[in-house]
Amino acid sequence: MLTNLNIENIAVIEKADIEFGAGLNVLTGETGAGKSILVDAINAVLGERTSRELVRHGAENASVTAVFENVNEEVLQKARELGFDAEDGTLIISRRISGQGKSTCRVNGTPSTVSMVKELGAQLVNIHGQHDSQQLLSPEYHYRFLDMTGDDSSFLQQYQRAFRHLVSIRRQLKTLTADADTKDRRLELLDYQIKELTEADIKVGEKEELNSRRNLLMNAQTIVGVLGNINAALSGDDETVGIEGAVTTLQKEVGELFDLDEKSRELYDILDTMLDSAERLKDSAAKRLGELDFSDGELERIEQRLDLLYRLATKYGDREEEMLRYLDEAEKERDSIVNSDEEIERLNAAYDTAYDETVKAADKLSEYRYKLARKLESDVKEQLVFLDMPKIQFVVSFEKSKLSSTGYDSIEFLISTNPGEPPKPLARIASGGELSRIMLAIKNIIAKNDSVDTLIFDEIDTGVSGRASRKIGLKLKSVGAHTQVICVTHSAQIASVADAHMLISKEYKNDKTYTTVKRLDFDARKHELARIMGGLEITDTLLKSAEELLNESTQEDE
């Protein structure tokens, strides 16, 4: 649910930090105080379209941050699919809007696109205003409302499994039954690729070995020269005494000092070690020189092989493993096409079986939905009677359509506002106030199964009498038992039943307008209800009536 909303420089709101709780949260205030701006701010942070006009005059940027806690697993899974960290059940969505109209979004600190935020926001909050009933106006969403009234999701799950299997077989058939020219061209290409890769006889690690050998060959002269220098330095030549000869001479001279200086034996031993090391160095250099086997044309052959491997890499993958994997997949695809006639026959039989199973599952789902629809019609009628809309008839229309991921039912909610008139689509005849109350009725029925945890109603009481407002308030309270409800209202009857009451007020300082939001205690709520009921002057009688209204609401809660 939405626990905190931070607003900076949105329209007349310079800065506001609002905390919401579970249950029913109401927002009241005088006309023009900025109640609708709060809804605009929530729309903005949830990815709806905005304009630079939303930025407070004189400010460079505006920002809105919404904190959602205890987010349900369905929404968290969507957040993960979109690439956001959501392990602790908290989502923090922020949006900054510049004076030029550009905006940036973040989800849990990670940069996001507006479309991603909008996709996520649709599962977090439903906003229903006097002129905005969103999903209720879109028939493609009506099956969801109907399904949420039931407690058994197995019919939909069984159908969706059958439908996915059917689609999988259909996709395979489509691939195999491509036109003959396409298959011939594909086979010709596959044959060429398989021949090219097979003849190349690719081995894992070959490129690395060839590059190493190529480097050795290109530097062979330098290597041989250094090894020769080692031998020359050690052995010497006709003109120069080598290291071995020089050390041998020194050792002989030191040996003649034994009788004169006993400690000269230490020097003798060191020289003896040097001779031993020189001998081992000369043997190692000679051995390495003997190992260097450079055949004529080897470097050219390596260059040609590497060139082939690099050309193949541009087609089939940089690494040898990728090229061999491509070869394996190409061989499988070729075999599949070659044997496609038998495979097509098998898949056609499998498709017929899967289609029959899918239709049977769709029939069961439709039968189950039909029962839910009749109950929903009755329940909504009961809710609307309570909400002082006794003449409205609510009908769930069923038409059989083609199979889709949700079944073959084309479902649409219809209403008749006057006795004797045939039911028609909601979008064509329902007013804004009627739509909001119908949505409230449906939400009250499905609240316990609804995955959207926050529901916002903007002035649902418009054009409604005091008696009906009271009933709307009680329904909002009832929905709030399962779903967080935030309601912008002008009705004292609705405000009196709230679990939390926020006052939006406007102030003027230094020729500037400021909107503030504060949470009201019991006494402050009493004065605000009296203002709503009385208008210009708050009398003792109005205060007493407001207190009685609050006390009555408290008793109803108990």
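Treat the numbers as computed from the prediction; the structure is a model and nothing was measured. (Residues numbered from 1 in each chain as written. Predicted model: local features only at pLDDT ≥ 70, side-chain atom pairs only at ≥ 80, totals over all residues. Heavy atoms only, no water.)

Asker: Before we go on, may I ask you to explain the environment of A285 in this structure?
Answerer: Along the chain, the position of A285 falls in helix α10 (residues 264-291). With sequence-adjacent residues up to four places away left out, A285 is seen in contact with L227 and I230. (Helix = DSSP H or I, 4+ residues; strand = E, 2+ residues; numbered from the N terminus. Contact = heavy atoms within 4.5 Å.)

Asker: Explain the side chain of S63 to me, please; I cannot follow it from the model alone.
Answerer: For S63, the location among the structural elements is in strand β4 (residues 61-68). The contact partners of S63, leaving out residues within four places of it in the chain, are N6, I7, E8, I10, R95 and R96.

Asker: What am I meant to see in the sheet that holds strand β2 (residues 13-19) here?
Answerer: Paired through backbone hydrogen bonds, the strands of a sheet run either parallel or antiparallel to each other. Pairing is antiparallel across the open sheet formed by six strands, whose spatial order is β2-β1-β4-β5-β6-β7. Looking along the sheet, the strands with just one partner apiece sit at the ends: β2 and β7 (110-112). This sheet shows a mean twist of 15° between the axes of neighbouring strands, independent of strand direction. Pairing of strand β1 (residues 2-10) with β4, which is carried by six bridges, proceeds in the antiparallel orientation. Among the inter-strand pairings, L5 is bridged to a residue of β4, identified as A66. Lying on the sheet, helix α3 (residues 114-124) is in contact with β4, β5 (91-98), β6 (103-107) and β7; it crosses β5 at an angle near 135°. (Pairing = 2+ DSSP bridges. Axes fitted to C-alpha atoms, helices over the stretch in contact; angles between N-to-C directions.)

Asker: Which parts of the structure should I look at to understand the pairing of strand β13 (residues 484-488)?
Answerer: One face of the sheet, then the other: side chains in a regular strand alternate in exactly this way. Burial analysis of β13 places five of its five residues in the buried class, the great majority of the element. The sheet contact formed by strand β3 (residues 24-28) and β13 spans four bridges and is parallel. Along β13, the bridge assignment pairs L24 with V485. Looking at chain direction, strand β12 (residues 454-458) and β13 are connected through five bridges and run parallel. When the sheet's bridge partners are listed, D458 is paired in β13 with V488. (Buried < 20%, exposed > 50% of the residue type's maximum accessible area, 1.4 Å probe, protein only.)

Asker: Is there a simple way to think about the packing of helix α5 (residues 154-176) against helix α13 (residues 340-386) in this case?
Answerer: Pairs of packed helices are described in terms of their axes, by the angle between the two and the distance that separates them. Running from N to C, α5 and α13 cross one another at 155°; their axes reach a closest spacing of 8 Å. Classified by the angle between their axes, α5 and α13 sit roughly antiparallel to one another. Handedness of the α5/α13 crossing: left-handed. Looking at the contact of α5 with α13 residue by residue, the classes come out as 19 nonpolar, six polar and five charged. (Parallel < 35°, antiparallel > 145°, perpendicular 65-115°, else oblique. Left-handed = near helix turned anticlockwise from the far one by under 90°. Nonpolar A, V, L, I, M, F, W, Y, C, P; charged D, E, K, R; others polar.)

Asker: Any chance you could explain the sheet that holds strand β11 (residues 424-425) here in plain terms?
Answerer: Taken in spatial order, the three strands line up as β9-β10-β11 in an open sheet, and their pairing is antiparallel. Edge positions in the sheet fall to β9 (393-404) and β11, since each has one partner strand and no second. Inspection of the sheet shows strand β10 (residues 407-416) paired to β11 by two bridges, in the antiparallel sense. Across the sheet, residue I415 finds its bridge partner in β11, namely K424. Of the strands in this sheet, β9 and β10 are in contact with α5, which crosses β9 at around 30°. Relative to the sheet, α13 contacts β9 and β10, its axis offset from that of β9 by approximately 170°.

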